[in-house]
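Overview (structure and organization)
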Amino acid sequence: MAEQVLMPKQGNTVESCIIVEWNVNVGDSVSVGDILLSAETDKSTIDVESTAAGVVLARLYEEGDDVPVMEPILVVGEAGETFEVEKKEEVKTASAPVVEEVVAPPPPVQPVVSSSASGASPRARMLSEQLGVPLTAATPTGPKGRIVEHDVLALAGQPLSPAAKAAALEQGVLPPATGSGMGGRVLARDVEAPVTSGDLSAYTDIPVRGVRKVIARRMVESLQTTSQLSLHAWADARALKSLRAAFKADEETAGITIGDLVNFAVIHALKEFPAFNSHYLGETIRLFDHVHLGVATDTPKGLMVPVLHGADLMSLRQISEHTKILAKRARDGVAQPDELSGSTFSVSNVGAFGIEAFTPVLNIPEVAILGVGTIALKPISTSTGVEFIDHIGLSLTMDHQAVDGADAARFLRFLMDTIANLDSLLIRMGSNGTL
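Because the structure is predicted, anything quoted here is derived from the model rather than measured.

Reading guide: rules and limits
- Every chain is numbered independently, its residues counted from 1 as its sequence is written.
- Side-chain atom pairs in this predicted model are given and counted only at pLDDT of 80 or more, local residue features only at pLDDT of at least 70, and totals for whole chains, interfaces and linings cover all residues.
- Neither water nor hydrogens contribute to the side-chain values; these are computed over all heavy atoms in the structure.
- Numbering of helices and strands runs from the N terminus; a helix is a DSSP stretch of H or I covering at least four residues, while a strand is a stretch of E covering at least two.
- Type-normalised accessible area, obtained with a 1.4 Å probe on protein chains alone, sets the label of each residue: buried when under 20%, exposed when over 50%, and partly exposed for intermediate values.
- In this description, contact between two residues means that some pair of their heavy atoms is separated by no more than 4.5 Å.
- For every accessible area listed, the method is Shrake-Rupley and the probe measures 1.4 Å; residues are considered covered only by the protein chains on display.
- Here, nonpolar core means buried Ala, Val, Leu, Ile, Met, Phe, Trp, Tyr and Cys residues that are tied together by side-chain atoms lying within 4.5 Å of each other.
- A pair of strands counts as paired when DSSP detects no fewer than two bridges linking them.
- Axis definition: a line fitted to C-alpha atoms, over the contacting stretch in the case of helices. Angles run 0 to 180 degrees between N-to-C directions.
- Orientation is classified from the angle alone, with under 35 degrees giving roughly parallel, over 145 giving roughly antiparallel, 65 to 115 giving roughly perpendicular, and any other angle giving oblique.
- Less than a right angle of anticlockwise turn of the near helix away from the far helix marks a crossing as left-handed, whereas a clockwise turn marks it as right-handed.
- Each residue gets one label: Ala, Val, Leu, Ile, Met, Phe, Trp, Tyr, Cys and Pro are nonpolar, Asp, Glu, Lys and Arg are charged, and the others, such as Gly, are polar.
- A patch is a set of surface residues, each over 30% in relative accessible area and not in a salt bridge, joined within 9 Å for like charges and within 5 Å for the nonpolar side chains Val, Leu, Ile, Met, Phe, Trp and Tyr.
- A pair is scored as a salt bridge if a Lys or Arg side-chain nitrogen falls within 4 Å of a carboxyl oxygen belonging to Asp or Glu.
- The span you would expect from a helix comes to 1.5 Å times its residue count less one.
- As used here, the arc is the angular range of directions from the helix axis to the C-beta atoms.
- Ring pairs are drawn from Phe, Tyr and Trp, using the six-membered ring of Trp, whenever the two centres fall within 6.5 Å, and their geometry is named by plane angle: stacked under 30 degrees, edge-to-face over 60, tilted for the rest.
- For a lysine, the NZ atom is tested; for an arginine, the CZ atom; a charge sits over a ring if that atom is within 6 Å of the ring centre and within 35 degrees of the ring normal.

1. Here's the deal with the overall build of the protein
Each helix and strand counted, the protein has 9 helices and 18 strands in total. Per-residue burial for the protein yields a buried fraction of 41% across its 435 residues. Counting only contacts in the protein whose residues sit at least 6 apart along the sequence, the fraction spanning at least 24 positions is 62%. A total of about 22,800 Å² of accessible surface is found on the protein, and carbon and sulfur atoms cover 54% of it.

Below you can see the structure in the form of structure tokens.
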């Protein structure tokens, strides 16, 4: 009797998987446990095993299709056997071409070849130099096909800069009527020789699918279903830099980074402000006893958020080690769904790119997310005058449905003070905070 193989469920948050590549064709023999296909979730890439043995009678989806979990994907039975398949819903999508080139009309600035300039009046020649309009662009209307002043004046547009005049006359191109300068003045960059090696208006359309499509949907959902407010601040980073230098000098702690130190401070702040370690569920707000820290990670497939489950129970060194392991698994595409779900608060760090501040988008249903920027010198008034002191950028986005702005300000202020005095905190907590 024919059996159906279902797209397996991958954790509680994965609703569908995209088929990346089939490993079997219709007519192939398969055994229980054989790898049928590889599929991509919004979090990782998985191998789907066969739960039946026999001959492949039908593949119900093709590569690129987005298949709901627990939906039939394959029929296995005896060769020649008839079967029926009843799907819950039709979700197949035709694969779009990866590249599509579109050719638009030619660019507006082109070389002009018209009548010979030898038949031009002196006034026409003078006006040509004044306006930057090549005589070869003019249509002669004078006696015996002679170019006259009126023919040049008819081509005049907005005034040209000296460099634009020289370029237009040298290249023999008719300058545009309006340029990109103030008041429409034509600048040198507006007068360019056409590129003959290719079409400047050609472009490429790339279908939005896979992880990118899921990320896009979730970002829109986050902004549409929450009331997001962002606060921006700077924290004294001198303790961070001195700690990082001390750890780097010790082989056992050399891997602890500025980001790890900030995450450690965030976890400490969340224990003092449990309202930010929660999920907003509409009718209820779920407060968590432990901190499950999501660390946004840039991967070849897009943004992923590995989760440090029970981060409040980890030492600084454990936080550093686990973060690196999870980030690598996410970048390699082998992270499991439970490693990429269940976060109660997230941190997105773009300091390595030199970004000072930004507005992170909530990772719903979390009520807050912290954006971490770069370290930069800031002028600070001291008892001896103005000093330039290293500060790190912090941007807190919160859901105003769950927490108030004043509470968010207090949380951010506490975090700023924690970062500024992190060395003292680590001493109080034990040997380098690793106990």
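2. Focus on the nonpolar core
Of all hydrophobic cores here, the largest spans 45 residues; its most connected members are Leu293, Phe345 and Leu370. It is helix H6 (residues 258-272) that provides the largest number of residues to this core, a total of 8 residues. Other than its neighbours up to four places away in sequence, Leu370 contacts Val266, Phe345, Ser346, Val347, Ser348, Pro360, Leu394, Ser395, Leu396, Leu412 and Leu415. With 25 residues, the next largest nonpolar core counts Val30, Leu37, Ile73 and Leu74 among its residues.

3. As for the pairing of strand E17 (residues 368-382)
With 4 bridges joining them, strand E16 (residues 345-349) and E17 adopt parallel strand pairing. Bridging from a neighbouring strand, Asn349 pairs with Val372 of E17. Of the pairings in the sheet, the one linking E17 to strand E18 (residues 385-399) comprises 13 bridges and is antiparallel in character. Following the sheet pairing, Leu370 is matched in E18 by Leu396. As consecutive antiparallel partners, E17 and E18 are separated by 2 residues.

4. What about the packing of H6 against helix H9 (residues 422-429)?
Remark: H6 packs on H9, axes separated minimally by 11 Å, with the N-to-C direction vectors making an angle of 70 degrees. Here H6 lies roughly perpendicular to H9, going by the angle between them. Seen from above, H6 lies across H9 with left-handed handedness. Only Leu422, Leu425, Leu426 and Met429 of H9 make contact with H6, whose side of the interface consists of Leu261, Phe264, Ala265 and His268. When its residues are assigned to classes, the contact of H6 with H9 shows 7 nonpolar, 1 polar and no charged.

5. Details of the sheet that holds strand E2 (residues 16-22)
Taken in spatial order, the 4 strands make up an open sheet running E5-E4-E2-E7, and their pairing is antiparallel. Strand pairing shows two members of the sheet lacking a second neighbour, strand E5 (45-49) and strand E7 (66-68), which therefore form its edges. Recorded for the sheet is a direction-independent mean angle of 45 degrees between the axes of neighbouring strands. Judged from the 5 bridges that link them, strand E4 (residues 35-40) and E5 form a sheet pairing that is antiparallel. Paired with Ala39 across the bridge in E5 is Ile46.

6. Brief notes about a nonpolar patch on the surface
A cluster of nonpolar side chains, contributed by Leu377, Val386 and Phe388, occupies part of the molecular surface with about 340 Å² of accessible area. By the secondary structure assignment, Leu377 is in strand E17.

7. Let's talk about helix H7 (residues 316-332)
Between its terminal C-alpha atoms H7 stretches 25 Å, which fits the 24 Å expected from 17 residues at 1.5 Å a residue. Within H7, the full set of buried residues consists of Leu316, Ile319, Ser320, Thr323, Leu326, Ala327 and Ala330. Buried residues of H7, seen end-on, are gathered within an arc of 145 degrees and therefore sit on one face of the element. Phi for Gly333, located one or two positions after H7, is positive at around 75 degrees.

8. Details of the packing of helix H5 (residues 238-248) against H9
Between H5 and H9, the shortest axis-to-axis distance is 8 Å and the interhelical angle comes to 55 degrees. When the axes of H5 and H9 are compared, the pair comes out oblique. Contacts from Ala239, Leu240, Leu243 and Phe247 in H5 reach Leu422, Asp423 and Leu426 in H9. Looking at the contact of H5 with H9 residue by residue, the class counts come to 6 nonpolar, no polar and 1 charged.

9. Considering the packing of aromatic side chains
By the definition in use, this model includes 4 aromatic pairs. A centroid spacing of 5.7 Å and a plane angle of 85 degrees characterise the contact between Phe273 and Phe411, whose relative ring orientation is edge-to-face. Of this pair, Phe273 sits in the loop between H6 and strand E10 (278-280) while Phe411 is found in helix H8 (residues 405-420), placing the two residues 138 residues apart along the sequence. Taking NZ or CZ as reference, Lys378 lies 4.0 Å from the ring centre of Trp234, over its face.

10. A look at the sheet that holds E18
Judged by pairing direction, the sheet is mixed, and its 6 strands sit side by side in the order E9-E18-E17-E16-E12-E15 without closing on themselves. The open sheet has two edge strands with one neighbour each: strand E9 (228-236) and strand E15 (307-308). Against the sheet, H6 touches strand E12 (293-295), E16, E17 and E18, its axis set at about 155 degrees to E16.

11. Side note on helix H3 (residues 162-171)
Within H3 the residues assigned to the buried category are Ala164, Ala167 and Ala168. An end-on view of H3 places all buried positions within 95 degrees of arc, on one side of the element. What points out from H3, more than 90 degrees from its buried face, is the exposed set Pro162 and Glu170. After H3 finishes, the residue Gly172 shows a positive phi value of roughly 70 degrees.

12. Some thoughts on unusual backbone geometry
The amide bond that connects Ile364 to the next residue, Pro365, takes the cis arrangement and shows omega of 10 degrees. Secondary-structure assignment places Pro365 in the loop between E16 and E17. At Met70, a position not held by glycine, the phi torsion is positive, near 65 degrees. Inspection of the secondary structure puts Met70 in the loop between E7 and strand E8 (72-77).

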